[in-house]
Amino acid sequence: MSAPTTPPAPGPGAAAVLTGVGSWLPPRRVTNEELCTRLDSSDQWIRERIGIHERRRADEAVSTGDMSVEAGRRAMRSAGVDTVDAVVLATTTPDHHCPATAPAVAHRLGLSGAVAFDITAGCAGFVHAAAVAAGLIAAGSARRVLVVGAETMSAIIDPDDRATAPLFGDGAGAVVLEAGTPGGDGTLGPFAWGSDGSLGDAIEIPAGGARERHRRHSAPPADFFVHMRGNEVFRHAVRRMTRAARDAVAAAGWTLDEVDRLVVHQANGRIGACVADALGIPAERTPSNIDRVGNTAAASVPLLLAHAADEGRLKPGHRVLVVAFGSGLAWAATTLVWPPGITAEL
Ligand code: UT7
């Protein structure tokens, strides 16, 4: 079934159908060699242990909101629409603590008046945002939603911390979801998602928030950047994504050998490989772009959807399993059959 061009009237029970995909990357490429001019690391270590060759970095005049506008505009063009009812923006790097970034993005896209809010679930944020958007559609509260994942990770990563600096990159991706008939191609869900706040400090920015406001003038500069216990996070990422992926596949009524494409958060090439291996999904069914863009946190999944669609690695009829994991800890997975007629706008 093709995606609807005229969504049905909003009403309880409508499905969220993917009708457009877009992305935007800052033009500036940062190679491993360039990073290692100030970092005690090597191109070989980063390629072998993370799978990244280069990542993009937004220059200081470009913010998460700017990248969201670019990706959002492209997703709407891909869907062939010029308006939406809601903008849901997943990010760990909002333009400001207050207000949320989404209302300004909506305004700049000519969508003033639309419901617009941010979601924070780390690298799992985009799949959370998609689940919330699907809920808005199912409840009849919106019939067309722009879901964006965008990050300026360079704003919160210590360039001198070799545990995080090689890993992260900047960028944005977006999709349009529209009300449609349950069970048709492009329908997202069900979702398998959850959190474990007992491990919140495994990836955190210690200072700068309400909890540590007593240290706002005394905390060392490094405490305003991301601190991560990488090895521990690695193990949880594999375990949680494998479990969420299995649950999402079961909830969809599929079996794992029916999955044509695994779209896994580009956390680390080895993490993606471990998840695919644990699920028994061959590497050729697991598209990846981490070598070119790094770990772009909440932007990772929509960027990969856009790139894989553009490269013909996502084809109409493919059964696609999407899974992500990040700070919180938080994780989320869902499924869709890739719909016909989608041209990604990069
Ligand atoms: O996006 C969602 C959240 N984030 C993630 O999912 C990231 C998860 N974690 C990771 O991707 C990996 O843990 C890292 C890439 C962060 C680190 O890789 P690792 O293989 O887990 O390294 P490690 O922390 O176990 O360290 C192994 C060794 C250590 O040396 P010794 O103690 O064995 O001598 C580190 O000091 O590698 C050293 N090391 C490095 N060496 C060169 C750590 N980082 C670097 C580096 N360059 N950048």
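Right, let's walk through the structure included here. (Residues numbered from 1 in each chain as written. Predicted model: local features only at pLDDT ≥ 70, side-chain atom pairs only at ≥ 80, totals over all residues. Heavy atoms only, no water.)

### With respect to the packing of aromatic side chains
Overall, the coordinates contain 1 aromatic pair when judged by the stated rule. Here Phe191 and Trp193 contribute two aromatic rings whose centre-to-centre distance is 6.4 Å and whose plane-to-plane angle is 45°, an arrangement assigned as tilted. (Phe/Tyr/Trp six-rings, centres within 6.5 Å; stacked < 30°, edge-to-face > 60°.)

### Re the sheet that holds strand S1 (residues 15–24)
Here 5 strands make up an open sheet; going across it, the order is S1-S7-S6-S4-S5 and the pairing mixed. The open sheet is flanked by S1 and strand S5 (115–119), the only strands paired with a single partner. For this sheet the average axis-to-axis angle between neighbouring strands, irrespective of direction, equals 20°. As paired strands, strand S4 (residues 86–90) and strand S6 (residues 144–151) are joined by 5 bridges and run parallel to one another. Bridge pairing in S6 places Val87 opposite Leu146. The strands touched by helix H3 (residues 64–79) are S1, S4, S6 and strand S7 (171–180); relative to S1, the strand with the most contacts, the crossing angle is about 125°. Helix H9 (residues 300–310) rests against S1, S6 and S7 of the sheet, and its axis sits at about 85° to S1. (Pairing = 2+ DSSP bridges. Helix = DSSP H or I, 4+ residues; strand = E, 2+ residues; numbered from the N terminus. Axes fitted to C-alpha atoms, helices over the stretch in contact; angles between N-to-C directions. Contact = heavy atoms within 4.5 Å.)

### Regarding the pairing of strand S13 (residues 330–337)
For S13, the buried fraction is high: 8 of the 8 residues fall into the buried class. Here S13 shows a buried face lined by Ala330, Ala332, Thr334 and Leu336 and a second buried face lined by Trp331, Ala333, Thr335 and Val337. Where strand S8 (residues 192–195) and S13 come together, 4 bridges link them in antiparallel fashion. Bridge pairing in S13 links Gly194 to Trp331. Hairpin remark: strand S12 (residues 319–326) followed by S13, antiparallel, with 3 residues in the connecting loop; positive phi at Gly328, about 145°. (Buried < 20%, exposed > 50% of the residue type's maximum accessible area, 1.4 Å probe, protein only.)

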